[in-house]
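One-letter residues, chain by chain:
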Amino acid sequence: MEIVILLIPLALIFLGGAIAFLFWALRKDQFEDLDNASWRVVFDDREQRRDRGKHRPDPSAQSDSQPRADRQNHDGP
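Residues numbered from 1 in each chain as written. Predicted model: local features only at pLDDT ≥ 70, side-chain atom pairs only at ≥ 80, totals over all residues. Heavy atoms only, no water.

**Student:** Explain the overall build of the protein to me, using residue names and the numbers behind them.
**Tutor:** Regarding its fold elements, the protein presents three helices and zero strands. Considering the protein as a whole, with its 77 residues, one finds that 1% of them fall into the buried category. Accessible surface computed for the protein: about 7700 Å², of which carbon and sulfur atoms make up 59%. (Helix = DSSP H or I, 4+ residues; strand = E, 2+ residues; numbered from the N terminus. Buried < 20%, exposed > 50% of the residue type's maximum accessible area, 1.4 Å probe, protein only. Areas by Shrake-Rupley, 256 points an atom, 1.4 Å probe, with all protein chains shown as cover.)

If you want it as structure tokens, here you go:
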């Protein structure tokens, strides 16, 4: 039972911290635009794929580090 004397004030301190954090988040507009943040991930990914397609290297260009015969894909013996 003596532990209750310690746990109740500790719980009240945590509760006060949580309420203070909630008011801080409200003042800093953390809950202002909840829908667009989730869609931004999808649209950024599409834009990166689209941009990546514009700057693709020419597949017929030969790499200096690897001879042409070594780059061919051999499926069988």
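**Student:** Give a detailed account of unusual backbone geometry, specifying residues and quantitative values.
**Tutor:** Unlike most non-glycine residues, Asp-29 shows phi in positive territory, near 60°. Within the element layout of this structure, Asp-29 appears in the loop between α1 (2-27) and α2 (34-54).

**Student:** Which residues make up the packing of aromatic side chains, and what values do they have?
**Tutor:** Aromatic ring pairs are defined here through the distance separating the ring centres and the angle between the ring planes. Following the criterion strictly, the structure yields one aromatic pair and no others. Note on Phe-21 and Trp-24: the rings are 5.6 Å apart at their centroids and 25° apart in plane angle, and the pair reads as stacked. Here Phe-21 and its partner Trp-24 are both found in helix α1, three residues apart, which amounts to about one turn of the helix. (Phe/Tyr/Trp six-rings, centres within 6.5 Å; stacked < 30°, edge-to-face > 60°.)

**Student:** An account of α1 is needed here, citing residue identities and associated values.
**Tutor:** Here α1 is 26 residues long and its end C-alpha atoms lie 39 Å apart, about the 38 Å a rise of 1.5 Å per residue gives. In the segment just after α1, Asp-29 is the residue with positive phi, at about 60°. (Expected span 1.5 Å × (residues − 1).)

**Student:** So what's going on with the confidence of the model for the protein? Which residues, and what values?
**Tutor:** Across the protein, pLDDT averages 76, with 58% of residues at or above 70. Considering each helix and strand of the protein separately, the mean pLDDT is smallest for helix α3 (residues 68-71), with a value of 52, and largest for α1, with 96. (pLDDT = per-residue confidence, 0-100.)

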